[in-house]
Amino acid sequence: MPWVIKYRPKKVDDVVNQEEAKSTVLTWIHSWLEGKRPTKKALLLYGPPGVGKTSLVESIASEYDLELLELNASDYRRTQDIRKTVAVASQKKPLFKKMIIILMDEVDGLSPRSDAGGIEELMKIIPNSINPIILTANDPWKDSLRPLREYVTMVQFKQLTTNQIIAVLQNICNKEKIQCDREALKFIAEKSLGDVRGAINDLEAVAEGYGRVTFNIVSLVVKPREKNIDLWRTLNSVFYAREFWQARKAVNTSEEDYETLMAWINDNIPAKYEDPEDVFRAWDSLARASIFLKRAKSGNWFLLPYIFDLIGPGVSFARKNGQVLRNRFSYPAKIKEMAQLKSVRENREGVARTIAKRIHASKRIVKSEVLPYLFLMMKYGDINRVSKLSSYYSFTEDQLRYLAGSRVKEIISSINREASNVKETKSAESSKHAAKKKRRSRSK
Amino acid sequence: MGFEAELLWAEKYRPRSLKEMIDQQDIINRLTRFAEEKNMPHLLFAGPPGTGKTTAAHALAHDLYGDAYMQFMLELNASDERGIDTIREKVKEFARSKTPPEIQFKIVLLDEADNMTSDAQQALRRLMELYSGSTRFILAANYPSKIIDPIQSRCAFFRFTTIRREDIINRLKFIAENENVEYDEEALDIIYEVSEGDMRKAINILQASAYLGKVSAEVVFRVVGMARPKDVKDMIEASLKGNFIEAREILRKVMIEYGLSGEDVVKQIHRELMGSNIKISDEIRVLIADYLGEIHYRISQGSDEDIQLSAFLAWLSMIGRKVGV
């Protein structure tokens, strides 16, 4: 299980260093529980990422045994969606629990266009809600949130100091029994810019990869807001998720686009799953996501949420039989190869084009019917014939390398030898010719 | 060997004139008459690959216009052109170019016409009508049933058949002798068997074998084995053994080195699975065909090839483990 989940605050007491915010939120919740509905029916928790906003709400829900309705960043949050979910929940009396907490993450991320009307709808719902509504935001001072601010109580979460983060990391190191230099922890904490979640992920990446956490390693490996790290976090959450929402949130909140995510998952399933049925289920889910993506791209963007369901939870819960393997995530071969292989593609298409023209067939036919034999000839065939063939079709050096592999040097030197032979013969002929001319002119 | 140029034998030994063509005699006779009368309708050449459709079209044009025939012929390949609009532009421009002396028309050769959607074919039909005064179309296709009726009814139809055993073997002998290549008779038989009446394939196998040494049965088998189909077979066998990771590596290699499209890979998998080379029960074969068809459809609809084919291999590995192949 990733450490961010393992060490995520489970009780309210576990949420550290946010005493002021904590007491405001708790007082507000207590008055709901006592049946005295506060005048402001909603809170807006704000502060930098990874300081415990969502964790606090989640721990309150579990500690007070309340139902929690979470709406994540990429759920559609237009007027009608909000009406369907938030509005309904705001009037609902839960069957088994005392109350429903409605948690809407990242309201500053509501897009004025695609989530049009979302804020206005919230403003209608909040005053009449019979359940507590909690909103979170990194930047509450955004213009789009101005009207909303009247309807909520603002609660600030402070950015953690370097020392506070070091303490959190140190605690984890002790529990995991990993040797951690204080200098190294300090480095991680500083680079995290107050984001505890990020710091814990960085710590885990180093500890898992190197077995110990020293300043030398950390200073080489940890970089601020590295994209790989974000992907690494997302993948971890997907493959280790215990709950549907964990996997979904991981995909939802990733900074990467879904196609990149799919490529990463596509390449890391075999690194993490082993049981053939688990592996197939995971791929089946991904394959269905890929169909949905194609449909979404042809204008049906409302399908996006289902894609998240399939690539996140779909992959998480594919694992039924086996364990999660401890292999490290690898960079997707597809993307890596695409980058490296642009040249291969160019060479392949170049060769196919040349030959297609000469034998009057399509490139497709050349690739499937001729190239397999051409490879054989170029790699293993008689060098004389191979070099003549190469010069006849004027293959470039890169194309030769593509066709003949390591043999390219041998072929090129053979071509050069051939060329200089031809030149010599030609010049011999022309000098003969010149001599003849001379003779003729003399005889005249 | 001197300084004689070396080229692909499929290019070098392509007949230039109808007179040089050895097979499909009925067809050649009719085409020869067109060349003599200097007139012809639109033509539709249908038949399996490597049976001389494209060669016959070039030879006809050669006999009509002479050695420099390419200035009066526009060669298009439906699977390489980017849709009907590019085809339309090219035909339009070509129709405007100068006309040959004595002959009233130029030729548009459209190869692999059965790869066009029926919408594109409708557009093509209009093109054929629009320029029928100055051009004749020759369409070549593997599957004539994929050509829409209105086009078929406008064309004289020619059905090319797979090339006869003796014709292929005689041609191979002629080439081998001309190239000073040693060969065993038995080896040529094997080449014929493997090529299934496809001349281009037979010549390619002969050339690759000759490059490796004397053309013997052993060398031919080596060449055929080393050419791609083996990769696909290996891939299927690896996954049936439950060796998914290896199977996936082969998949990558096939798609990247040969640049095969996902659909090409699916087709090859199908060919391998339905042959007798892979030992599985017929019941499983049906199951696999069912799922492979699904995968083929998904890819044809634009879903990610790598993901879909990986899903297929993962499924095959699971099935392989279950039934203990």
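Residues numbered from 1 in each chain as written. Chains lettered and ligands numbered in written order. Predicted model: local features only at pLDDT ≥ 70, side-chain atom pairs only at ≥ 80, totals over all residues. Heavy atoms only, no water.

1. Examining the interface of chain A and chain B
Inference 1: Opposite the 57 residues of chain A that make contact, chain B presents 62 residues.
Inference 2: Summed over the three residues of chain A that lose the most area to chain B, namely A:His360, A:Tyr373 and A:Arg385, the buried surface amounts to 16% of that side.
Inference 3: At the surface where chain A touches chain B, the tally comes to six salt bridges.
Inference 4: Linking B:Arg248 and A:Asp267 is a salt bridge whose minimum nitrogen-to-oxygen distance equals 3.5 Å.
Inference 5: Where chain A packs against chain B, one counts 21 residue pairs in polar contact (both at pLDDT 80 or more).
Inference 6: Sorting elements by how many residues they give to the side of chain A that touches chain B places helix H18 (residues 363-380) of chain A first, with 15 residues.
Inference 7: Here the residues of the side of chain A that touches chain B sort into 30 nonpolar, nine polar and 18 charged. (Contact = heavy atoms within 4.5 Å. Buried area = accessible area lost by both parts, 1.4 Å probe. Salt bridge = Lys/Arg side-chain N within 4 Å of Asp/Glu carboxyl O. Polar contact = N/O pair within 3.5 Å; in protein donor to acceptor, adjacent residues only side chain to side chain. Helix = DSSP H or I, 4+ residues; strand = E, 2+ residues; numbered from the N terminus. Nonpolar A, V, L, I, M, F, W, Y, C, P; charged D, E, K, R; others polar.)

2. Focus on the sheet that holds strand E2 (residues 73-77) of chain B
All names here are of chain B.
Inference 1: The five strands lie next to each other as E2-E3-E4-E1-E5, forming an open sheet whose pairing is parallel. The sheet is open, and its two edges are formed by E2 and strand E5 (155-159), each paired on a single side. The average undirected angle you get between the axes of adjacent strands in this sheet is 15°.
Inference 2: Here strand E1 (residues 42-46) runs beside strand E4 (residues 135-141); their pairing, made up of four bridges, is parallel. When the bridges of E4 are listed, Ala46 appears paired with Ala141. (Pairing = 2+ DSSP bridges. Axes fitted to C-alpha atoms, helices over the stretch in contact; angles between N-to-C directions.)

3. Regarding the packing of aromatic side chains
Pairs of aromatic rings are described using the distance from one ring centre to the other and the angle between the two planes.
All names here are of chain A.
Inference 1: This structure, assessed with the given rule, holds 17 aromatic pairs over all chains.
Inference 2: Measuring from ring centre to ring centre gives 5.7 Å for Trp28 and Trp32, while their planes differ by 75°; the resulting arrangement is edge-to-face. Taken together, the residues Trp28 and Trp32, both in helix H2 (residues 19-33) and four residues apart, mark about one turn of the helix. In this pair, the class of Trp28 matches that of Trp32, namely buried. (Phe/Tyr/Trp six-rings, centres within 6.5 Å; stacked < 30°, edge-to-face > 60°. Buried < 20%, exposed > 50% of the residue type's maximum accessible area, 1.4 Å probe, protein only.)

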